[in-house]
Amino acid sequence: MTKICTTCPYCGVGCGIEAEITGDREVVIKGDSKHPANFGRLCSKGTHLAETVSLEGRLLYPEIGGEQAEWGQALDLVAKRFADTVREHGPDSVAFYVSGQLLTEDYYVANKLMKGFIGSANIDTNSRLCMASAVAAHSRAFGEDVVPCSYDDLDAADLILLVGSNTAWCHPVIWQRIEKARAEHGTKLVVIDPRRTETAECADLHLAIRPDGDVALFNALLQEMRNRGALDEDFLRDHVNAPDQFWNNVSGDAEMAGVDPQLLEQLADLVTAHPKTVTLFSQGANQSIGGTDKGNAIINLHLATGRIGKPGTGPFSITGQPNAMGGREVGGLASMLAAHMGFSDAECDAAQTYWHSPTIARKPGRKAVDMFRDLHDGRIKAIWIMATNPAVSMPDADYVRAALKRCDFVVVSDVIAETDTTVFAHVKLPALAWGEKDGTVTNSERVISRQRPLFAAPGQAKADWWIIQQVARRMGHKEAFSFENAAAIFREYAAQTGYRNAGKRKLDLSEWATTSDADYDAWTPKPWGGASPFEDRKFSTPDGKARLVAVAPLALRAHDPDFPLTLNTGRYRDQWHSMTRTGLSPRLSQHRREPLVEIHPHDAIVRGLDEGGLAKITTPQGESIFRIQITDAQRQGEIFAPMHWTDQWSNGGRANRLPDQTVDPISGQPAFKNSSCNITAVEPEWRAFLVCANRPALPSILYWTSARIAGGWLVELAGAGNIDLNSLLPTGERMEAVDLQRGMRRIAVRNGEGRLAAALYLTRKGDLPSRDWIVVQLAGDDQADAASLLAARPKVAGADKGSTVCVCFNVGAKQIASAIARQSLISLEEVGTALNAGTNCGSCRPAITRLLAELHAPKLEAAE
């Protein structure tokens, strides 16, 4: 059995993985104990990667017009259509829309082709949706997009501020590191987030700011630090420039931020008392019309207090994708040229000379939202989409679908044959997936790691860089695109970072420009820039000084009586982007089996919404149906919905239909976190669920959503009128129960081996049974009796584990509660020892902490 060290394909933490190949498309996944990002830890998604490496749903052959084609045919067509379009309409009539899922080598070849040989900067990435505002903030403050921190700073900090980051769910390995620092040397934790997430519940201080209240809060905190004499005047004098009247224009207060003034005072006390401060910020800050200003408000605080470039300090943007950083470094954004260069004449000349290219892009291209507007309006006539699903992930997603439908020529390179985006493709090109790719990625702390192939390429799938290179060669650029392997691309890219650099840019990988193929194959994780690229106090500006940037709080949004609520969208703990990978995992599908809209109890009462019912969220852009979860973790007047569900998994839960196309004016990043909306109850005439080995074609009904389970599928359904239940069920031995008075019908089907093949439960008036027992029967070896199958419970009731809390060890809430009560458990460690819950990825530890608190809370006696 072969063991291979590689890197996780999910978030920007960049965890190392040790993969042991045990068979054909079979692998055992463990954390790499030597990797500096995780030291052997993995989150639930990384832990269960082995459940996602099958060839189910894979695109294995090129397709033209929905028909299988040869590679030569497909590549010739793509090259001809792009070349013809450029010749007839100019270089800005074509575009690439790429992804943080690409490897650095893929990104480099795509960027080189578009900017140096087509001559347009119309290459943008889905990273525009998650970290573009941080990029812009870094560039304004430092003169270059440089992350000034490393994960070691979290270990050394005395105070950690989490801004717009549900770290326990979205970056669980970082969360484990924070927990360890708190346990070992008492690091204080502050969470700044409108929602009381599981991360916030564990904080020493939670500031539930209003949506987009971040700038007001950090400006107020900055002024308070100045009033207390807590600024680093020497650092400001020697290493920072500020615009005239900067200090007179720092506006903001607790009221503008939406928090109690006493909470702001407590925050200021903590910041004053703990000079070693790291501020970790993520999508909650970035995905805003003021996302860049939020980033600069955070950076201003660190610059003014001198808390940067030293151990345990710094503003730390944590990225959402495995290679968003690598894409930023090579220049795979419309707003940069290459290798951290912009579009000055000198930089354009440097890139063109280095590439020996016939042309060069001399101005920024169209950022993601504008790119699809141009597609919609016919200014962009051909687009190549690589490793992403914009028909789901872009804001106002139905507009994006209309744009793709209108486009003359759409090419999609992907690993999955049927996605919401490939539906619009004239040409589909089969790319390698994780476990087949070969190249490098850069994580949030600037560590470059290798992704290595575990399996042979399936079917006719090819590396993304190979596909792009073949098109470039057919467009007449053979000499410039003659890379033999990923190592050759890496060498050229590394050399470019040092070309005409002379210390102007911190990004300089030229020491690795002569890396041999053997050394590339044996590459171990390496950071560029050291622990902090600003340890020398020199910034990438003409005078070497950082910049304080004047930022103003966003005004409160005008009240709209038709859309009186605020919609915030985001991620779930165990899912990823549009679920093309995580949706294949039965384990990862159990934490949240369907998309839930979270709403405050008061808002639910006013609108007649019931826990577990259905509701329709409406905005001026569109509408979608979600299951209701009522929780006081939401601020009143605000609701939350997840962004993962697609047409492949549900006809509801389409959160990105709902935000509009408003973007940050500097970064171009969309505002997913603050959309005006309304919500109303949906009352179906009937409700049902189906457990089945093979998911049937689902009819056009009010609501359906599906989730993978062991052995098959769980499908929730709701609708009006009649439904043909027979069309949903396979053939086999059939058992049925009917209650006409309650409008109840239950059907179970056994296959020829006597095993459960499907079970369907429908009601028009009563309650549906629990799904948990019948779900287990689908993959179980025991053959339950007919009465039990129709009741969806055994004759002799077993222990009910409750809703899944710990995915890694399949432990439920009721199991944990029972163990706490029965064994008098009082700590996370004791629960872990008893049940293993919380001992692997750690993302469930906040939920276990909450259960402990609830069960040990003092019981109040009724007054006599």
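The rules we used
Residues numbered from 1 in each chain as written. Predicted model: local features only at pLDDT ≥ 70, side-chain atom pairs only at ≥ 80, totals over all residues. Heavy atoms only, no water. Helix = DSSP H or I, 4+ residues; strand = E, 2+ residues; numbered from the N terminus. Rg over C-alpha atoms; globule rule 2.2 N^0.38 Å. Buried < 20%, exposed > 50% of the residue type's maximum accessible area, 1.4 Å probe, protein only. Contact = heavy atoms within 4.5 Å. Areas by Shrake-Rupley, 256 points an atom, 1.4 Å probe, with all protein chains shown as cover. Lys, Arg positive; Asp, Glu negative; His and termini not counted. Charge placed at Lys NZ, Arg CZ, Asp CG, Glu CD. Pairing = 2+ DSSP bridges. Axes fitted to C-alpha atoms, helices over the stretch in contact; angles between N-to-C directions. Core = buried A, V, L, I, M, F, W, Y, C linked by side-chain atoms within 4.5 Å.

> Where do I start with the overall build of the chain in this structure?
Summing up its helical and strand segments, the chain has 28 helices and 34 strands in all. Relative to the 2.2 N^0.38 estimate, which gives 29 Å for 864 residues, the radius of gyration of the chain is 27 Å and therefore close to what a compact globule would have. Overall size of the chain, expressed as C-alpha extent along the three principal axes, is 80 × 75 × 60 Å. Within the chain, the proportion of its 864 residues that are buried is 62%. Contacts in the chain between residues far apart in sequence, at least 24 positions, make up 72% of those at least 6 positions apart. A total of about 31,500 Å² of accessible surface is found on the chain, and carbon and sulfur atoms cover 49% of it. Across the chain, the 92 positively charged side chains and the 104 negatively charged ones have centroids separated by 2 Å.

> Where do I start with the sheet that holds strand β12 (residues 277-281) in this structure?
As summarised here, the arrangement of the five strands in space is β10-β9-β8-β12-β13, forming an open sheet in which the pairing is parallel. One side of each edge strand has no neighbouring strand; the edge strands of this open sheet are β10 (205-207) and β13 (314-317). Direction aside, neighbouring strands of the sheet carry axes that sit 15° apart on average. Note: β12 against β13, four bridges, orientation parallel. Bridge assignment links Phe281 to a residue of β13, and that residue is Ser317. Sheet strands touched by helix α14 (residues 291-304): β8 (159-163), β12 and β13. Its angle to β12, the strand with the most contacts, is close to 175°.

> Where do I start with the sheet that holds strand β18 (residues 447-451) in this structure?
Within a sheet, neighbouring strands are paired by backbone hydrogen bonds and run either parallel or antiparallel to one another. Pairing is antiparallel in the open sheet, where three strands are placed in the order β17-β18-β19. With partners counted over all chains shown, the strands left at the sheet margins are β17 (439-442) and β19 (526-527), one partner each. Here β17 pairs with β18 via four bridges, running antiparallel. For Thr442, the partnering residue across the bridge sits in β18 and is Ile448.

> What is the right way to read the pairing of β12 from this model?
Each regular strand carries side chains that alternate between the two faces of the sheet. Across the five residues of β12, five count as buried, placing the element largely inside the fold. Residues of β12 alternate between two faces, with Thr277, Thr279 and Phe281 on one and Val278 and Leu280 on the opposite face, all of them buried. In the sheet, β8 pairs with β12 via five bridges, with the strands oriented parallel. Counterpart to Leu161 in the pairing with β12 is Thr279.

> Hey, could you run me through the nonpolar core in this one?
Within soluble globular proteins, side chains that are nonpolar tend to cluster in buried spots. Counting residues in hydrophobic clusters, the biggest one holds 118 residues, and the most contacted among them are Phe82, Phe96, Leu217, Phe218, Leu267, Leu303 and Trp384. Counting 68 residues, the second largest nonpolar core, distinct from the first, contains Tyr10, Tyr151, Ile160 and Ala168.

> Can you walk me through unusual backbone geometry in this structure?
Excluding glycine, residues mostly carry a negative phi; peptide bonds, for their part, are mostly trans. A positive phi is found at Gln245, a non-glycine position, where the angle reads about 65°. Here Gln245 lies in the loop between β11 (240-241) and α11 (254-257). Even without glycine at this site, Ala792 takes up a positive phi of about 60°. By secondary structure assignment, the location of Ala792 is in the loop between α25 (786-791) and β33 (804-806). Given the relative accessible area of 4%, Ala792 is considered buried.

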